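Each chain, written out:
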Amino acid sequence: MTRTVLIIEDNPGIGELVRMQVVDLGLEPVLVDSGEQGLARFRRGGIDLVILDLMLPGMDGLAVCRDIRAGQDYVPVLMLTAKSTELDRVLGLEMGADDYLTKPFSVAELAARIKALFRRVDALAARGATAPETEEVVVDGLRIDPVRRRVFVREQEVELTAREFDLLWYFARHRGRVFSRAQLLDAVWGYNHDGYEHTVNTHINRLRNKIEADPADPHFVQTVWGVGYRFMD
């Protein structure tokens, strides 16, 4: 069955460019130009991916993303932004976006991100259908529940975005193993492009702020200088 991609973009030129690329990938596009229209269409169901502009008139992309994530069903969100500051990226990821592209972007880059998000969804579905991991990880006051996708620090629940949880769970399943940023991009994000290691840095910084007693001196997610990161052994 053809997958449906909801494109929420108020710039007609960019919206049409994204729509054409979605069609070229063999997907079914639904293009709207406001956050309100996008949410109304999303709530009717049948959406497999949302491509969401950050700077929308009226209801902006952050508010739309927050509403999408308030639902029970997981649908990946790729955020488009004309702003390239670290704060804008962090805000989008914090609201639950799975990935982001900064305008201007190439058609090839957009296609790679869409494919990567669907590969990740397929991999998660395959793992859930064959051999779901149900055993909790408990270490030094940190408890990770993979079934309910919930995390607790000293029995206080910590709210993580979908990608933050995936990153933490990947680390926890490979305790003590050192991963480079490129390896983490490939394993958790589903793609590996030179120059996008900052995506990993941003997520790790946000994750540390949520689970570490002292993010500047992390106990769980540790830096291995010159190599990458590892979860405490």
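What comes next concerns the included structure. Every value quoted in this text rests on a predicted model; they were computed, and no experiment measured them.

## As for the sheet that holds strand E2 (residues 28–32)
Through backbone hydrogen bonds, the strands of a sheet pair up, either in parallel or in antiparallel fashion.
For step 1, the next point in the chain: Strand order in this open sheet of five strands is E2-E1-E3-E4-E5, and the pairing throughout is parallel. Edge positions in the sheet fall to E2 and strand E5 (99–102), since each has one partner strand and no second. In this sheet, neighbouring strand axes are inclined to one another by 20° on average, regardless of whether the strands run parallel or antiparallel.
For step 2, the next point in the chain: Two elements, strand E1 (residues 4–8) and strand E3 (residues 49–53), share four bridges in a ladder whose sense is parallel. Across the sheet, the residue bridging to Val5 is Leu49, located in E3.
For step 3, the next point in the chain: Together, E1, E2, E3 and strand E4 (77–81) form the strand contacts of helix H1 (residues 12–24), whose direction differs from that of E2 by roughly 165°.
For step 4, the next point in the chain: Across the sheet, helix H2 (residues 35–43) is in contact with E1, E2 and E3; its angle to E1 comes to roughly 160°.

## Remarks on the environment of Ser106
For step 1, the next point in the chain: As for its placement among the helices and strands, Ser106 is situated in the loop between E5 and helix H5 (107–130).
For step 2, the next point in the chain: Among the residues examined, Ser106 registers a relative accessible area of 37% and is labelled partly exposed.
For step 3, the next point in the chain: Polar contacts involving the side chain of Ser106 include one to the main-chain amide nitrogen of Glu109, which spans 3.0 Å.

## Comments concerning the environment of Gly46
For step 1, the next point in the chain: Looking at the secondary structure, you find Gly46 in the loop between H2 and E3.
For step 2, the next point in the chain: For the pair Gly46 and Val5, spaced 41 residues apart in sequence, the C-alpha to C-alpha distance is 9.1 Å.

## With respect to H1
For step 1, the next point in the chain: Compared with an ideal rise of 1.5 Å per residue, which puts 13 residues at 18 Å, H1 spans 18 Å between its outermost C-alpha atoms and is within 8% of the ideal.
For step 2, the next point in the chain: Every buried residue of H1 is listed here: Ile14, Gly15, Val18, Gln21 and Val22. Seen end-on, H1 carries its buried residues on one side only, within an arc spanning 130°. In H1, the exposed positions that point more than 90 degrees away from the buried face belong to Pro12 and Asp24.
For step 3, the next point in the chain: You can read the cap of H1 off the contacts: a side-chain oxygen lies 3.0 Å from the backbone nitrogen of Gly13, and it is on Asn11.

Criteria and cut-off values
- Residues numbered from 1 in each chain as written.
- Predicted model: local features only at pLDDT ≥ 70, side-chain atom pairs only at ≥ 80, totals over all residues.
- Heavy atoms only, no water.
- Pairing = 2+ DSSP bridges.
- Helix = DSSP H or I, 4+ residues; strand = E, 2+ residues; numbered from the N terminus.
- Axes fitted to C-alpha atoms, helices over the stretch in contact; angles between N-to-C directions.
- Contact = heavy atoms within 4.5 Å.
- Buried < 20%, exposed > 50% of the residue type's maximum accessible area, 1.4 Å probe, protein only.
- Polar contact = N/O pair within 3.5 Å; in protein donor to acceptor, adjacent residues only side chain to side chain.
- Expected span 1.5 Å × (residues − 1).
- Arc of directions from axis to C-beta.

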